Amino acid sequence: MDQAIIIEKSVIIISVFALTMLMAMYSTLAERKIAAWLQDRIGPNRAGKGGILQPLADGLKLFAKEEFTPNTQNKFLFVTGPAISMSMALMTSAVIPWGDKLHLFGRDIILQATDIDVAILYVFGVLSVGVYGIMIGGWASNNKFSLMSAMRAASQMISYEVAMGMSIIALVMMTQTLSLKEIAEQQSGMNWNVFYQPVGFLIFLVCSFAETNRTPFDLAECEAELIGGYHTEYSSMRMGFYLFAEYASMFISSTILAVLYFGAYNYPGMDWMEQNVGVNIANVIGMFALFAKLCFFIFFYMWVRWTIPRFRYDQLMRLGWKMLIPLSIANIIITAIVLLLHDKAI
Amino acid sequence: MSIETISLSGRKKEVSNKKMTFLESLYLVAIFKGLFITIRHLFKRKVTIKYPEQTRELSPVYRGQHMLMRDEEGKERCTACGLCALSCPAEAITMKADERKPDEKHLYREEKYASIYEINMLRCIFCGLCEEACPKQAIYLTKSKVMVKSNTNREDFIFGKDKLVMPLDQAMRNTQLKAVN
Ligand code: SF4
Ligand code: SF4
């Protein structure tokens, strides 16, 4: 029995890891392709059919580059920076429910690496640690621009985490649980949270752009002002780790958006499918539903990137502190009032 | 007069510094408008030309590689008068004149000919003024689609008579065609 659980969880963890890597790799291609399409171009199409091998070529190129280390006292920190970024981006995927359950070999297999009660808090915790990757990397680079970029990234992430957390509080008040699995289960059918918490969703969406350092909030990588930002001094695969971490965290935050607000693996008619076609097929379709949703969000990230120009730093702070936080507080209060009235009515 | 009526495109907007309302300062409406504009481009026809497989359509007045012509009997037309070099705005043409020997009558049409005739392809702007200046109709810019090849050596861009003069068999073929017509 124990052995079975170990095997089952290892398979899930390895496949989630592989999926994250694959998605991060192909997000780079998707980004370039979508950028091209939105600008009426074609995009990379030489490596393999339609450019399908482009990420491999890019990876190979990064490997072949010289590994440069600046003359700094903090060689250890310099290496730690990208490692932290990468591992934090990957760790979040542990609590995501990829599907309900599969019935294989006479056992119910829960499609989740671990179902902890405080999954949302865990995600937030790990995300907050992620900023250290950038901070440490920028600090150890011994470069003014890197340091400035790291400061920006840190203050931006901290500011937006407040609004993000507040928007989640309203959601948690409604769902009465912190477990992602239960939140996913509550949204069966078309009972998606986005219909009950549209404002909360918007705030969360904006904040996740800021948390993943994507345009319009990519002030940390503002080329015009800061050269390359916190990874100016990085090259070769260490640089690759930073880039990879960015795409991996984009993938994870798309997944979290889909799980929290867009019904996770639920799709209309899932119960009917489970009863009539079988648990396995219904849940495999559910996994694909989640995948489709998160792909849409990844596309949305890119779509926004080529639509909205970068914010100015003061605009960024004003939006975070003066707009999103009051809005999320108002959202909490309104949710609370509605919940109270609802309870009274019953 | 407002700026919209002055501007030629009619798309210029006056800059205003009025305070944004709360709704505007959330940028939501503007962002949705922007997203709508960009998504339309996703489905538009792509303007990229996949170069080695596709080539751009050339304009009807396209001017390509120069050619020094021969006449019906295959003699070179150029008489090294230097008018092309004079008219060239890029000063790309240099030549050296020589006197025709009696036994070279079948090679050159006039008594004076260009023993050296060079065009520096790095300077040439393919304006076609040499063609217009030539009194002997000796130099032409052809419609050849062969572009000047890239090279690592500057000397290789100076095209001499070996590359510029029309091949003899082509001249003879032209004569035959003319006779048939
Ligand atoms: S095409 Fe124009 S620039 Fe080129 S050689 Fe003739 S006159 Fe000079
Ligand atoms: S090409 Fe024409 S213009 Fe130029 S030197 Fe010869 S005859 Fe004169």
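Parameters at a glance
- Residues numbered from 1 in each chain as written.
- Chains lettered and ligands numbered in written order.
- Predicted model: local features only at pLDDT ≥ 70, side-chain atom pairs only at ≥ 80, totals over all residues.
- Heavy atoms only, no water.
- UniProt positions renumbered as here; feature names shortened; annotations may be inferred.
- Helix = DSSP H or I, 4+ residues; strand = E, 2+ residues; numbered from the N terminus.
- Rg over C-alpha atoms; globule rule 2.2 N^0.38 Å.
- Areas by Shrake-Rupley, 256 points an atom, 1.4 Å probe, with all protein chains shown as cover.
- Contact = heavy atoms within 4.5 Å.
- Phe/Tyr/Trp six-rings, centres within 6.5 Å; stacked < 30°, edge-to-face > 60°.
- Buried < 20%, exposed > 50% of the residue type's maximum accessible area, 1.4 Å probe, protein only.
- Lys NZ or Arg CZ within 6 Å of the ring centre and 35° of its normal.
- Near = heavy atom within 4 Å.
- Nonpolar A, V, L, I, M, F, W, Y, C, P; charged D, E, K, R; others polar.
- Core = buried A, V, L, I, M, F, W, Y, C linked by side-chain atoms within 4.5 Å.
- 1 Å grid on protein atoms, 1.4 Å probe; cavity = no way out; pocket = protein on both sides within 12 Å on 5 of 7 lines; lining within 4 Å.
- Points joined across faces, edges and corners; volume = space filled by probe spheres on them.
- Buried area = accessible area lost by both parts, 1.4 Å probe.
- Salt bridge = Lys/Arg side-chain N within 4 Å of Asp/Glu carboxyl O.

As annotated in an unreviewed UniProt entry, chain B carries the name NADH-quinone oxidoreductase subunit I and comes from Flavobacterium cerinum. You can read under Sequence similarities (unreviewed entry) in the UniProt record for chain B the words "Belongs to the complex I 23 kDa subunit family." Note on chain B: under the UniProt heading Subunit (unreviewed entry), the record states "NDH-1 is composed of 14 different subunits. Subunits NuoA, H, J, K, L, M, N constitute the membrane sector of the complex."

As recorded by an unreviewed UniProt entry, chain A carries the name NADH-quinone oxidoreductase subunit H and is attributed to Flavobacterium cerinum. The UniProt entry for chain A carries the following comment under Subunit (unreviewed entry): "NDH-1 is composed of 14 different subunits. Subunits NuoA, H, J, K, L, M, N constitute the membrane sector of the complex." Here chain A is described in UniProt, under the heading Catalytic activity (unreviewed entry), as follows: "a quinone + NADH + 5 H(+)(in) = a quinol + NAD(+) + 4 H(+)(out)".

Student: What's the story with the overall build of chain B in this structure? I'm lost.
Tutor: Per the secondary structure count, chain B includes seven helices and five strands. Element order for chain B, N to C, with α for helix and β for strand: α-α-α-β-α-β-β-α-β-β-α-α. The C-alpha radius of gyration computed for chain B amounts to 28 Å, which surpasses the reference 16 Å derived for 181 residues by more than 25%, pointing to a less compact arrangement than a globule. Taken along the three principal axes of its C-alpha coordinates, chain B extends 95 × 40 × 35 Å. Roughly 13400 Å² of accessible area belongs to chain B as shown, and the carbon and sulfur atoms make up 56% of that amount.

Student: Honestly, the environment of F78 of chain A in this entry has me stumped. Any pointers?
Tutor: Looking at the element boundaries, F78 of chain A is found in helix α3 (residues 75–91). Every residue in contact with F78 of chain A, bar those within four places of it in the chain, is listed here: F68, T69, P70, A140, S141, E233, Y234 and R238 of chain A.

Student: Explain the packing of aromatic side chains to me, please; I cannot follow it from the model alone.
Tutor: The description of an aromatic ring pair rests on the distance of the ring centres and on the angle between the ring planes. Evaluated as defined, the whole model comprises 20 aromatic pairs over all chains. Measuring from centroid to centroid gives 5.3 Å for F217 of chain A and F311 of chain A, while their planes differ by 5°, and the two rings are stacked. Here F311 of chain A lies in the loop between α12 (279–305) and α13 (313–345) and F217 of chain A lies in the loop between α8 (198–211) and α9 (223–226), a separation of 94 residues in the sequence. Under the relative-accessibility criterion, F217 of chain A is labelled buried at 3%. Here the basic side chain of K163 of chain B rests over the ring of F159 of chain B, its NZ or CZ set 4.6 Å away from the ring centre.

Student: What should I look at first to understand the environment of M121 of chain B in this one?
Tutor: All names here are of chain B. When you line up the elements, M121 lands in the loop between β3 (112–120) and α5 (129–133). Spatially, the C-alpha atoms of M121 and F159 are 6.9 Å apart, while their sequence positions differ by 38 residues. For M121, the contacting residues outside a window of four places in its chain are Q65, H66, F126, V148, F157, F159 and L164.

Student: It is not clear to me how the site of ligand 2 should be interpreted in this structure. Could you clarify?
Tutor: The local shell around ligand 2 holds 14 residues, among which C78, C81, G82, C84 and C134 of chain B are the closest. Across the shell around ligand 2, the residue classes tally to 11 nonpolar, two polar and one charged.

Student: What's the story with the UniProt feature "transmembrane region" (unreviewed entry) in chain A in this structure? I'm lost.
Tutor: Residue and element names in this part refer to chain A. Mapped onto this numbering, the UniProt entry gives "transmembrane region" (unreviewed entry) at residues 6–26, 76–99, 119–141, 153–174, 194–210, 241–264, 284–304 and 324–342. As annotated, residues 76–99 has a helix share of 67% and a strand share of 0%, and its two end C-alpha atoms lie 40 Å apart. End C-alpha atoms of residues 153–174 are separated by 32 Å, and the span's content is 100% helix alongside 0% strand.

Student: Just to check I follow, could you spell out the nonpolar core for this structure?
Tutor: Taken as a class, soluble globular proteins show a tendency for nonpolar side chains to be buried jointly. Residues and elements named next belong to chain A. Membership of the largest hydrophobic core comes to 83 residues, with the highest contact counts inside it found for I168, F204 and L260. Among the elements that take part in this core, helix α10 (residues 236–261) stands out by supplying 13 residues, more than any other. Non-local contacts of L260, meaning those with residues more than four positions away in its chain, are made with I120, I168, L171, L180, I183, Q187, N193 and F204.

Student: Is there a simple way to think about empty space enclosed by the protein in this case?
Tutor: Any empty space left between atoms is shown by rolling a water-sized probe over those atoms. All names here are of chain A. For the structure shown, the criterion picks out five cavities of 30 Å³ or more. Estimates place the volume of the largest cavity at around 250 Å³. The wall of the largest cavity is formed by 19 residues, among which G130, M157, E211, A245 and S249 lie closest to the centre. Put simply, the parts of the chain that give the lining of the largest cavity at least two residues each are α3, α4 (119–140) and α10. When residues of the lining of the largest cavity are assigned to their parent elements, the largest contribution, five residues, is made by α4. There is about 140 Å³ of room inside the second largest cavity. Taken together, 17 residues make up the lining of the second largest cavity; nearest its centre are V123, L127, M164, S253 and I256. Of all the secondary structure elements, the ones that give two or more residues to the lining of the second largest cavity are α4, α8 and α10. With five residues, α10 is the largest single contributor of residues to the lining of the second largest cavity. Looking at side-chain class alone, the lining of the second largest cavity contains 11 nonpolar, five polar and one charged residues.

Student: Sorry if this is basic, but what is going on with the interface of chain B and chain A here?
Tutor: Accessible area lost during the coming together of the parts is what is often quoted as the interface size. Tallying the contact residues gives 20 residues for chain B and 20 residues for chain A. Here chain B meets chain A over a buried area of about 1800 Å², counting both sides, of which 73% is carbon and sulfur. Looking only at chain B, the three residues that lose the most surface to chain A are Y27, L35 and L42 of chain B, adding up to 27% of its buried area. For the interface between chain B and chain A, the tally reads one salt bridge.

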